[in-house]
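The lines below spell out each chain.
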Amino acid sequence: VARSIASSLSTSLGQSVYVDNKPGGAGNIAMEEVKRANPDGYTLMLGHVGTLAVNPALFGKKLPYDPNADFAPVTLVAKVPNVIAVSEKSAYKTLADLVADAKKNPGKINFASSGTGTSHQLAGEMFKQYAGIDITHVPYKGSPQAHIDLMGGSVDLMFDNIVAVGPLVKSGKLKALAVTSKSRSPTLPNVPTMQESGYPNIEAVAWFGVLVPKATPKVIINRLNKEFVIALTIPEIKNKLEESGAQVIASTPEDFDAFMQNEVKKWSSVINTAKISLD
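Being a predicted model, the structure only gives us computed values, none of them experimental.

Scoring rules and cut-offs
Residues numbered from 1 in each chain as written. Predicted model: local features only at pLDDT ≥ 70, side-chain atom pairs only at ≥ 80, totals over all residues. Heavy atoms only, no water. Helix = DSSP H or I, 4+ residues; strand = E, 2+ residues; numbered from the N terminus. Buried < 20%, exposed > 50% of the residue type's maximum accessible area, 1.4 Å probe, protein only. Contact = heavy atoms within 4.5 Å. Lys, Arg positive; Asp, Glu negative; His and termini not counted. Charge placed at Lys NZ, Arg CZ, Asp CG, Glu CD. Core = buried A, V, L, I, M, F, W, Y, C linked by side-chain atoms within 4.5 Å. Phe/Tyr/Trp six-rings, centres within 6.5 Å; stacked < 30°, edge-to-face > 60°. Pairing = 2+ DSSP bridges. Right-handed = clockwise from strand over helix to strand, strands pointing away. Polar contact = N/O pair within 3.5 Å; in protein donor to acceptor, adjacent residues only side chain to side chain. Salt bridge = Lys/Arg side-chain N within 4 Å of Asp/Glu carboxyl O. Axes fitted to C-alpha atoms, helices over the stretch in contact; angles between N-to-C directions. Parallel < 35°, antiparallel > 145°, perpendicular 65-115°, else oblique. Left-handed = near helix turned anticlockwise from the far one by under 90°. Nonpolar A, V, L, I, M, F, W, Y, C, P; charged D, E, K, R; others polar.

Draft legend 1. Spatial organisation of the overall build of the protein chain. Each helix and strand counted, the protein chain has eleven helices and eight strands in total. Scored against the burial criterion, the 279 residues of the protein chain give a buried share of 49%. The contacts of the protein chain with a sequence gap of at least 6 include a subset with a gap of at least 24, amounting to 75%. Taking the 28 positively charged and 25 negatively charged side chains of the protein chain as two groups, their mean positions are separated by 3 Å.

Rendered as structure tokens:
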């Protein structure tokens, strides 16, 4: 996402824009570095649902930053839906089939995710809570091995983002029962939403947004917002992101802030109800 936008920003801002990957700590290392950067508009953060809405509940007082106190929002960039996927050989043809079986056999159906505390697990936990079912979480160290086991039938279903599983669904290796966005995805247009499947309160999407250190002047934030919104409307960039399964947003700072606050409340509730801990 960042690299798709960087070249356009370099041109419009008249400055070289570098994308610096900072892995580790579930994103906390990168967030802490940007928190400490000069608030001059030259250091930005591409945050996501994990770092901004999930980690506060997972890490609590151990979190080395506060999304509200340490950062100012610039724009929500994109949303990426998750998919409830099963093996192509699975007996489940619809989400209703899965729920009916889960209610008959509590605890016997399992779902894979790319790891404990990830948005994929949380999508599954939210589904469990709203559907009133008991299915068992099986965490993997990343998605690739989970995909192999799902295709082979070692696990029953998986929540994963559409970028990762969309190609497997299109090739017939997996079946998609539903997408977790409010509207159908153009990537898998024949797959119903959770709302269409009877769960109107479920929206569990990955999302990405740009932030800057909290003390960054408003005039700089507004300039950056303008440039990002322009970049995200460039057909080459917009089409590239949408072809991967993303929904391009390009919001105001205020709309991004309101969206983020709702996401924090939503995922904190799911995490606390499910008693998820990284300890």
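Draft legend 2. View of the nonpolar core. Among the nonpolar cores identified, the biggest contains 83 residues, and Leu 95, Phe 127, Trp 207 and Trp 267 are the most heavily contacted of them. Among the elements that make up this core, the one with the highest residue count is strand β2 (residues 71–87) (eleven residues). With residues near it in sequence (within four places) discarded, Phe 127 still touches Leu 95, Leu 98, Val 99, Gly 132, Ile 133, Ile 135, Phe 159, Met 194, Tyr 199 and Ile 202.

Draft legend 3. Summary view of the environment of Lys 128. On the secondary structure map, Lys 128 appears in helix α6 (residues 119–131). Remark: the alpha-carbon pair of Lys 128 and Leu 63, spanning 65 residues in sequence, is separated by 27 Å. Not counting chain neighbours up to four residues away, the residues in contact with Lys 128 comprise Phe 111, Ile 133 and Ile 135.

Draft legend 4. Summary view of the packing of aromatic side chains. A full pass over the atoms with the stated rule returns six aromatic pairs. For the ring pair Phe 127 and Tyr 199, a centre distance of 5.8 Å and an interplane angle of 85° mean the geometry is edge-to-face. You can see Phe 127 sitting in helix α6 and its partner Tyr 199 sitting in the loop between β6 (174–179) and β7 (205–213), a full 72 residues away along the chain. The exposure classification of Phe 127 matches that of Tyr 199, with both residues buried. Geometrically, the ring pair formed by Trp 207 and Phe 259 is edge-to-face, given 5.3 Å between the ring centres and 75° between the ring planes. Placement of the pair is Trp 207 in strand β7 and Phe 259 in helix α11 (residues 253–274), with a sequence separation of 52 residues. Per residue, the accessibility class of Trp 207 equals that of Phe 259, and both read buried. Here the aromatic cluster, defined as three or more aromatic residues joined through ring pairs, consists of Phe 111, Phe 127, Phe 159 and Tyr 199.

Draft legend 5. Representation of the pairing of strand β3 (residues 110–113) in the model. Burial along β3 is two-sided: the residues Asn 110 and Ala 112 and Phe 111 and Ser 113 are all buried. As paired elements, β3 and strand β4 (residues 136–139) share four bridges and run parallel to each other. Bridge pairing links Ser 113 to Pro 139 in β4. Tracing the backbone out of β3, into α6 and back to the parallel element β4 gives a crossover that is right-handed.

Draft legend 6. Representation of the side chain of His 120. Turning to its location among the elements, His 120 is positioned in helix α6. Under the relative-accessibility criterion, His 120 is labelled buried at 8%. Among the polar contacts listed, one links the side chain of His 120 to the side chain of Asp 160, at a separation of 3.1 Å. Ignoring any residue separated from it by four or fewer positions in sequence, one finds His 120 in contact with Asn 82, Ser 113, Ser 114, Ser 143, Phe 159, Asp 160 and Asn 161.

Draft legend 7. Region of the structure containing the pattern of salt bridges. Applying the stated criterion across every chain, the model contains twelve salt bridges. Ionic pairing is found between Lys 128 and Glu 125, a salt bridge with its closest N-O pair at 3.4 Å. In this pair, Lys 128 and Glu 125 are both assigned in helix α6, three residues apart and thus about one turn of the helix distant. Under the relative-accessibility criterion, Glu 125 is labelled buried at 7%. Ionic pairing is found between Arg 184 and Glu 196, a salt bridge with its closest N-O pair at 3.0 Å. Taken together, the residues Arg 184 in the loop between β6 and β7 and Glu 196 in the loop between β6 and β7 connect sequence positions twelve residues apart.

Draft legend 8. Broad picture of the environment of Ala 215. Structurally, Ala 215 is set in the loop between β7 and α9 (218–233). Between the C-alpha atoms of Ala 215 and Lys 35, which are 180 residues apart in sequence, the distance is 9.8 Å.

Draft legend 9. Representation of the packing of helix α3 (residues 49–59) against α11 within the structure. Interhelical geometry of α3 versus α11 gives an angle of 40° and a closest axis separation of 8 Å. Regarding the angle of α3 to α11, the classification is oblique. The hand of the α3/α11 crossing is right-handed. Seen from α3, the contacting residues are Val 49, Leu 52, Ala 53, Val 54, Ala 57 and Leu 58; seen from α11, they are Phe 256, Met 260, Glu 263, Val 264, Trp 267, Ser 268 and Ile 271. The class makeup of the residues in the contact of α3 with α11 is eleven nonpolar, one polar and one charged.

Everything listed here is a matter of geometry and, on its own, says nothing about what the molecule does.
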